[in-house]
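# Structural features, examined
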Amino acid sequence: MDKKQYNNYLAILREELMPAMGCTEPIAIALAAAKAREVLGHMPKEMKATCSGNIVKNVKGVVVPNSGGQRGIRAAAVLGAVAGDASKGLEVIADVKEDDIARVKELCSQGFCDQALQEDEENLFIRIDVSAGDDTAAVEIRQNHDNISYIEKNGTVLLKRKPSEVSRIGDKSRLNMDDIIDFADEVDIDDIDDIISRLIEYNTHISDTGLARPWGAGVGYTLMKEASKSTRMRARAAAAAGSDARMNGCSLPVIINSGSGNQGITCTMPIIVYAKELGIDSDRVKRALVLTDLVTLHQKYYIGNLSAYCGAVSAGAAAGCGIAYLAGADRQVIKNTLINALDTTGGIVCDGAKASCASKVSSAVDAGITGYIMAKNGHVFPAGEGLVEKDCEQTIQNFGRVGRDGMKSTDIEILHIMLEK
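Heads up: these notes are all about the structure in this document. (Residues numbered from 1 in each chain as written. Predicted model: local features only at pLDDT ≥ 70, side-chain atom pairs only at ≥ 80, totals over all residues. Heavy atoms only, no water.)

The six strands are arranged E3-E2-E4-E5-E6-E7 in an open sheet whose pairing can be described as mixed. Every interior strand has two partners, whereas the edge strands, strand E3 (113–117) and strand E7 (156–160), have only one. Averaged over all adjacent pairs, the angle separating strand axes in this sheet is 10 degrees, with direction ignored. Sheet topology note: the strand E6 (residues 148–153)/E7 ladder contains four bridges and is antiparallel. (Pairing = 2+ DSSP bridges. Helix = DSSP H or I, 4+ residues; strand = E, 2+ residues; numbered from the N terminus. Axes fitted to C-alpha atoms, helices over the stretch in contact; angles between N-to-C directions.)

Membership of the largest hydrophobic core comes to 127 residues, with the highest contact counts inside it found for Ile29, Ile128 and Leu294. By residue number, the principal contributor to this core is helix H2 (residues 24–40), which donates eleven residues. What Ile128 contacts, discounting residues up to four positions off in sequence, is Ile29, Ala32, Ala33, Ala36, Met47, Lys48, Ala49, Ala77, Ala137, Ala138 and Val139. (Core = buried A, V, L, I, M, F, W, Y, C linked by side-chain atoms within 4.5 Å. Buried < 20%, exposed > 50% of the residue type's maximum accessible area, 1.4 Å probe, protein only. Contact = heavy atoms within 4.5 Å.)

This brings us to the packing of helix H11 (residues 282–303) against helix H15 (residues 392–406). With their axes 7 Å apart at the nearest point, H11 and H15 run at an angle of 45 degrees to one another. As summarised for this structure, H11 and H15 are arranged oblique, according to the angle between their axes. Between H11 and H15 lies a crossing whose hand is right-handed. On the side of H11, the interface is formed by His298, Gln299, Tyr302 and Ile303, while H15 contributes Glu393, Ile396, Gln397, Phe399, Gly400, Gly403 and Arg404. Partitioned by chemical class, the residues of the contact of H11 with H15 number four nonpolar, five polar and two charged. (Parallel < 35°, antiparallel > 145°, perpendicular 65-115°, else oblique. Left-handed = near helix turned anticlockwise from the far one by under 90°. Nonpolar A, V, L, I, M, F, W, Y, C, P; charged D, E, K, R; others polar.)

Another aspect to go through is the side chain of Thr395. Here Thr395 is to be found in helix H15. Owing to a relative accessible area of 1%, Thr395 belongs among the buried residues under this scheme. Setting aside chain neighbours within four positions, we find Thr395 in contact with Ile339, Leu387, Val388 and Glu389.

This part covers the packing of helix H10 (residues 261–278) against helix H12 (residues 311–326). Where H10 meets H12, the axes come as close as 8 Å, and the angle between the chain directions of the two elements is 25 degrees. Put simply, H10 runs roughly parallel to H12. Of the two possible hands of crossing, H10 and H12 adopt the one that is right-handed. Of the residues in H12, those in contact with Gln263, Thr266, Cys267, Pro270, Ile271, Tyr274 and Ala275 of H10 are Gly311, Ala312, Ala315, Gly316, Ala319, Gly322, Ile323 and Leu326. Its residues placed into classes, the contact of H10 with H12 shows ten nonpolar, five polar and no charged.

With that settled, the discussion passes to helix H16 (residues 408–420). Over its 13 residues, H16 extends 19 Å from the first C-alpha to the last, a length consistent with the 18 Å expected when each residue adds 1.5 Å. Three or more residues of H16 are buried, namely Asp411, Ile414, Leu415 and Met418. Viewed end-on, H16 has its buried residues packed into an arc of 100 degrees, placing them on one side of the element. Along H16, exposed side chains directed more than 90 degrees from the buried face belong to Ser409 and Glu420. Tucked into the core, H16 has its buried residues touching helix H3 (53–59) and E3. (Expected span 1.5 Å × (residues − 1). Arc of directions from axis to C-beta.)

Its twelve residues give helix H5 (residues 98–109) an end-to-end C-alpha distance of 17 Å, which sits within 8% of 16 Å, the value for a rise of 1.5 Å per residue. Among the residues of H5, Asp100, Ile101, Val104 and Leu107 are the ones counted as buried. Projected down its long axis, H5 shows its buried positions confined to an angular sector of 130 degrees, all on one face. Exposed positions of H5 whose direction lies more than 90 degrees from the buried face are Glu98, Asp99 and Ser109. Just beyond H5, the residue with positive phi is Gly111, at close to 75 degrees.

On to the packing of aromatic side chains, then. Within the structure shown, the criterion is met by three aromatic pairs. Ring plane angle 70 degrees and centroid distance 5.5 Å describe the contact between Tyr9 and Phe183, whose orientation is recorded as edge-to-face. Highlighted residues: Tyr9 in helix H1 (residues 3–16) and Phe183 in helix H6 (residues 177–186), separated in sequence by 174 residues. Here the two residues Tyr9 and Phe183 agree in accessibility, since each one is buried. One aromatic cluster in this structure is built from Tyr6, Tyr9 and Phe183. (Phe/Tyr/Trp six-rings, centres within 6.5 Å; stacked < 30°, edge-to-face > 60°.)

Burial analysis of strand E5 (residues 135–142) places six of its eight residues in the buried class, the great majority of the element. As paired strands, strand E4 (residues 125–132) and E5 are joined by eight bridges and run antiparallel to one another. Bridged to Ile128 within E5 is Val139. The antiparallel hairpin formed by E4 and E5 contains two residues in its connecting segment, where Gly133 sits at a positive phi of about 65 degrees. Here E5 runs beside E6; their pairing, made up of five bridges, is antiparallel. Residue pairing in the sheet places Val139 in a bridge with Ile151 of E6. A loop of five residues connects E5 with E6, the two strands running antiparallel in sequence, and Gln143 in this loop sits at a positive phi of about 70 degrees.

At Gln143, a residue that is not glycine, the phi angle is positive and equals roughly 70 degrees. Looking at where Gln143 falls in the secondary structure, it is placed in the loop between E5 and E6. Judged by relative accessible area, Gln143 falls into the partly exposed class, the value being 33%. Positive phi is not limited to glycine here, since Ser258 has a value of about 55 degrees. Along the chain, Ser258 falls in the loop between strand E8 (253–255) and H10.

This is the structure:
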């Protein structure tokens, strides 16, 4: 394939497949808070966390890792301020101690941190304001979970960066199915070995942790008990178990996709399970994972990182494509797998990060596998029905349009319902 495109795809993988602890929204809040404390120069006396609706939605129901079981914006922000290390990025709260947890609980009970909803902002927006005496500081994160876009101290702006100024080497607008398949076929394994080996290690570890005991609702753990000899059920269980652990406070890092650990796990575990069943060699597995991750990123480019459209749908559909690739399917079968999967589960709503995400992951993986079984037997949902087009690229864009534009009002209504509880 074209060398410029080859290097672009490598850059995209390196930028997107990064480690993060827990649900990325509370971690992003903790990162902003840790940076705000760093800028202030000492522990603040007061703090305020102001977040966009999608951040509020995705923080409300999950356990913040290393917090002693605490949930919510205040817990994430205070933990970041008390024990966070901003230099660690999305692993900002990796080094929390027991004394830190006790201090966070104490400060939260004292009303140390206020919180507010920021309306009329982009979906991914976090602002932390801190003060102590005459000193003040503010930090904002926008667009990406680790993108600190604004820093202010004592009224002086130290950093102000527009979304267009975010330093990104990879250009996701150039992703397309044919080039993704070519890249998976042609990539030098040495160029991606460190990225994909880490992906396998981290995401398998948290999946195994989720299978060892029932975290939260125990979706993966429960499915695995029923799996018997079913590869399909084991693939669903392995993906769901990683989400179970992650949504319910497991402090293990995962490799994210599109800013989401759930999507990263969904891209990884079905491929690992099927590769073991089929006896696929290591290099082929890594190529399949490259394809799966890029297909997910391709879909999410049109939707955005945060939406009322459940991200597991995109990742599960891509996992079906990865399984097809493992089995040696041609490019038309891979494309038809994606169409079939999207037309099955496209539109599942995201009503916040929480335990039921694991069940949505399981359903999305199942749809991806169904999509592949249909495609390999010569069946694809016909163009002209609903959002399906004959062209796979246009179908992807149609579902992206629904997720980005069509579900905006859905997102607002979900948030209203959640805030009324």
